[in-house]
Amino acid sequence: MKFRNKQIKMSTKKLIAGYLFVSPFILGFLAFYLKPIYEAVELSFNSIQLMSDGYVLEFVGWENYRRALFVDERFIRHLVGSVRSTITNFPLILIFSFFIANMLNQKFRGRTIARAIFFLPVIMTSGVILSLEMGDTLVGMMQGAIKDDTGAFSTAQLGDMLEQTHIPAQITTYITGAVGMLYQVIIASGVQILIFLAGLQTIPPSLYEASSIEGATGWENFWKITFPMISPLILVNSVYTIINSFVGESNWVMRIIHETIFRNLRYGLGSAMAIFYFIVVAVILALVSLLISRKVFYHE
Amino acid sequence: MNKKHFKPGNEELIKLFRKYVTFDKAAKLLWKIVRAVLIAGISFIILYPLFVKISVSIMIENDLYDRTVNYIPRNFTLDHFRVAWEYMRYPTGFRNSFILSFATSIFQVISCTLVAYGLARFKFYGKTIVFGLVVFTLIVPPPVILLPLYMNFRYFDLFGIIGLISGGKGINLLGSFWPSILLSVTAMGLRNGLYIYMIRQFFRGMPHELEEAAYIDGAGLFSTFRRIMLPSAVPVMITAFLFSFVWQWTDTFYASVFFIQRIPLLSIRLRGVGSLAGTGNWLYASQLTNSGVVLLIVPIIALYIFSQRFFVESIERSGIVG
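Residues numbered from 1 in each chain as written. Chains lettered and ligands numbered in written order. Predicted model: local features only at pLDDT ≥ 70, side-chain atom pairs only at ≥ 80, totals over all residues. Heavy atoms only, no water.

1. Some remarks on the overall build of chain A
In terms of helices and strands, chain A carries 13 helices and 2 strands. Carbon together with sulfur atoms contributes 65% to the accessible area of chain A, which is approximately 16000 Å² in total. (Helix = DSSP H or I, 4+ residues; strand = E, 2+ residues; numbered from the N terminus. Areas by Shrake-Rupley, 256 points an atom, 1.4 Å probe, with all protein chains shown as cover.)

This is the structure in structure tokens:
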């Protein structure tokens, strides 16, 4: 009887503790996020007239959405484009970053320096550095040299090489395209490499030791230990890669939304675009995470 | 199965052993070479833009027009760095940026770790919804909430409590670090959804036996979290800290909304460095900007290399725990 009583106490304790742990987020969401979201939705159904002392809302129904989807000639085109490029790039980035993280996790001379170098893309693609980069013609010109170099190899030599192997044309174009995008893939993988690396660091070495004593090869260790242990982070990285590709600063749809809101001051239309865009991204995310999460291993 | 295979004679065994060992060695050597080539090649691709930046920062403007000068300056100068340094008000800017980035990153990592642990290990009503909202905050394009966020901090009033006490319209928090701090404490900062998600996934991958053993030994929920779970989460937390620090350090988006221009930050000052060159003089402007970018990057790289120590330490710790 006493034992049961204690158990109930533990489960209620756990319930309260759960709420306590997530309370910062809930508080923050209610205080800072709910209102902006509500207002954005409200704006998307209104037309806004800016006055000298504030603004006046005029209800227009679905007009803003109609305009975004059927009138604006750029929005849908760039939306489809960014969906396509995200879906093609995301497996590349994921595989590449996983491979590199495994490599950087091995012991070799100069590892610290190599890791520092692979951390650079995170810095170079962030905030003010990225926005200055996009406006810098001089460095753009000089860097164009290397992008051309890696790109030229892909289309010319590699294409010819692959043609002789009788692999279906779709696959060869995908591979040549991938090599052509090498620079973008490397630059876009910084965050993912770090996340994978952190995950690899937390796998207890004793697991490998035990399995090696049992006679497992490195290949078996990789698939039976590393892969399942890292699989929760594969899901995170997939989600992040997709989100970053959609809402990152270099995304064209984001630029259009930004421009509509801040340059043309059409808050209603911009909000409608943002909300529609959000729904598209959410659907794609849900599909991808549903597919991947079935393969994820948890200690549960 | 061939029985002979399992019980080879002495000679055969030696042969087999030799064959296996040499093959293994050759494979290892080959992998070492491939790895070195790959790392060197990719490192070059990553470093090249940085080389270009440094190269244009240390040459005088005339060298840019000179076709015989490639990357290595004929007339070396540190003037661009000096100009950028002064315009960015480097010592003050560095101090402000560091305080802001360090404080927000610490707060973000703490709040995100707590939320992540709650989501990973406890069952409560609405958990799926909370997690859905975490991902939601990541997807919502920042420009959408910019204006309301600005208004929120212009007349800051937490759920109307301040208004009740003072009867006013709320306090103006713009122009201080408070908006950033408040957002960080409540896990609402830049890309905090990613940290929550990442740390949550990490906790979910940990075996339950550890906590159960601790509970049986009479440890409370919080002390189990602090003493058993946290130590092994250090690498993930450091990673979140690094992201947070870098993104705060180079952020101008929130900083310009929250009017932190009043407090000089390196990232905000950097945007104006190019304008010193005057209109039309874009080559010189680019040189100044790139010098500024180099000045902005150096401290973060130092921080990254410094943080590597914690990775090594935490492996040892997680070895004990796991």
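2. Things to note about the packing of helix α9 (residues 190-201) of chain A against helix α11 (residues 218-247) of chain A
Residue and element names in this part refer to chain A. Between α9 and α11, the least distance of the axes is 9 Å, while the angle of their chain directions is 155°. When the axis of α9 is compared with that of α11, the two are roughly antiparallel. When you trace α9 past α11, the crossing you get is right-handed. Contacts from V191, Q192, I195, F196, G199 and L200 of α9 reach α11 at T226, I230, L233, I234, N237, Y240 and T241. (Axes fitted to C-alpha atoms, helices over the stretch in contact; angles between N-to-C directions. Parallel < 35°, antiparallel > 145°, perpendicular 65-115°, else oblique. Left-handed = near helix turned anticlockwise from the far one by under 90°. Contact = heavy atoms within 4.5 Å.)

3. Some thoughts on the pattern of salt bridges
Residues and elements named next belong to chain A. Per the stated rule, a full pass over the model turns up 6 salt bridges over all chains. Of the charged contacts, one joins R66 and E63 as a salt bridge, the two residues approaching to 3.3 Å between their closest N and O atoms. Remark: E63 and R66 occur in helix α2 (residues 63-71); sequence separation between them is 3 residues, near one turn of the helix. The class for R66 is partly exposed, based on a relative accessible area of 41%. Note that R67 and E63 form a salt bridge whose closest N and O atoms lie 3.2 Å from each other. Taken together, the residues R67 and E63, both in helix α2 and 4 residues apart, mark about one turn of the helix. (Salt bridge = Lys/Arg side-chain N within 4 Å of Asp/Glu carboxyl O. Buried < 20%, exposed > 50% of the residue type's maximum accessible area, 1.4 Å probe, protein only.)

4. Thoughts on the interface of chain A and chain B
Taken together, the contact between chain A and chain B spans 92 residues of the former and 105 residues of the latter. Where chain A abuts chain B, roughly 9200 Å² becomes buried across the two surfaces, and 81% of that area is made up of carbon and sulfur atoms. Applying the counting rule to chain A against chain B returns 0 salt bridges. Counting the contacts that link chain A with chain B gives 12 residue pairs in polar contact (both at pLDDT 80 or more). Take the side of chain A that touches chain B: its biggest share by element is 24 residues, from helix α1 (residues 2-44) of chain A. For the side of chain A that touches chain B, the residue count by class is 69 nonpolar, 15 polar and 8 charged. (Buried area = accessible area lost by both parts, 1.4 Å probe. Polar contact = N/O pair within 3.5 Å; in protein donor to acceptor, adjacent residues only side chain to side chain. Nonpolar A, V, L, I, M, F, W, Y, C, P; charged D, E, K, R; others polar.)

5. Describing the packing of aromatic side chains
All names here are of chain B. This structure, assessed with the given rule, holds 45 aromatic pairs over all chains. Note on F131 and Y197: the rings are 5.1 Å apart at their centroids and 80° apart in plane angle, and the pair reads as edge-to-face. On the criterion of sequence distance, the pair formed by F131 in helix α6 (residues 127-139) and Y197 in helix α10 (residues 192-204) is long-range, its members being 66 residues apart. Like F131, the residue Y197 is buried in the burial classification. Ring centres 5.2 Å apart and planes at 15° place the aromatic pair F243 and W247 in the stacked group. Here the residue F243 and the residue W247 both occupy positions in helix α12 (residues 221-249), the gap between them amounting to 4 residues, near one helical turn. (Phe/Tyr/Trp six-rings, centres within 6.5 Å; stacked < 30°, edge-to-face > 60°.)

6. Points about the confidence of the model for chain A
Per-residue confidence for chain A gives a mean pLDDT of 81; residues scoring 70 or more make up 83%. Ignoring residues within four places in sequence, the model shows residues 146-154 of chain A, a span with pLDDT below 50, making 14 contacts including any to other chains. (pLDDT = per-residue confidence, 0-100.)

7. Notes on the packing of α10 of chain B against α12 of chain B
Residue and element names in this part refer to chain B. In the contact formed by α10 and α12, the axes pass within 10 Å of each other and the chain directions differ by 150°. Here α10 is positioned roughly antiparallel relative to α12, judged by the angle of their axes. Handedness of the crossing formed by α10 with α12: right-handed. Note on element contacts: α12 touches α10 through F225, M229, S232, A233, V236, T239, A240, F243, S244 and W247, opposite L194, Y195, M198, I199, F202 and F203.

8. With respect to a nonpolar patch on the surface
Residue and element names in this part refer to chain B. A cluster of nonpolar side chains, contributed by F98, F102, I106, F107, I110 and V185, occupies part of the molecular surface with about 460 Å² of accessible area. If one sorts the elements of the nonpolar patch by residue count, helix α5 (residues 90-121) sits on top with 5 residues. As for its placement among the helices and strands, I110 is situated in helix α5. (Patch = residues over 30% accessible without salt bridge, like charges linked within 9 Å, V, L, I, M, F, W, Y side chains within 5 Å.)

9. Some details on unusual backbone geometry
Residues and elements named next belong to chain B. We note that A187 has phi near 55°; this positive angle belongs to a residue other than glycine. Here A187 shows up in the loop between α9 (178-185) and α10. Overall, A187 belongs to the buried group, its relative accessible area being 3%.

10. A word on α6 of chain B
If you check α6 of chain B, its first and last C-alpha atoms are 19 Å apart, about what 13 residues at 1.5 Å a residue would give, namely 18 Å. Inspection of α6 of chain B places V130, F131, V134, V135, F136, T137, L138 and I139 of chain B among the buried residues, and these make up the whole buried set. (Expected span 1.5 Å × (residues − 1).)

11. Section: helix α4 (residues 79-87) of chain B
All names here are of chain B. When α4 is considered as a whole, its buried residues turn out to be H80, F81 and A84. Within α4, the buried residues cover an arc of 100° as seen down the axis, which keeps them to one side. Immediately beyond the C-terminal end of α4, within one or two residues, lies R89, with a positive phi of roughly 45°. (Arc of directions from axis to C-beta.)

12. Considerations on the environment of L303 of chain B
Residues and elements named next belong to chain B. Note on placement: L303 falls in helix α15 (residues 282-321). The exposure class assigned to L303 is buried, which follows from its relative accessible area of 16%. Sequence separation of L303 and L13 is 290 residues, and the distance between their C-alpha atoms is 53 Å. Once residues lying within four places of it in the same chain are set aside, the contact partners of L303 are F241, L242 and F245.

13. Some points on the confidence of the model for chain B
All names here are of chain B. When pLDDT is averaged across chain B, the result is 83; 87% of the residues are at 70 or more. Mean pLDDT values for the elements of chain B range from 50 in helix α1 (residues 3-6) up to 94 in α5. In the predicted structure, residues 316-322 sits below a pLDDT of 50 and forms 12 contacts with residues beyond four places in sequence or in another chain. Both scores are given for the predicted complex: the pTM is 0.84, the ipTM 0.82.

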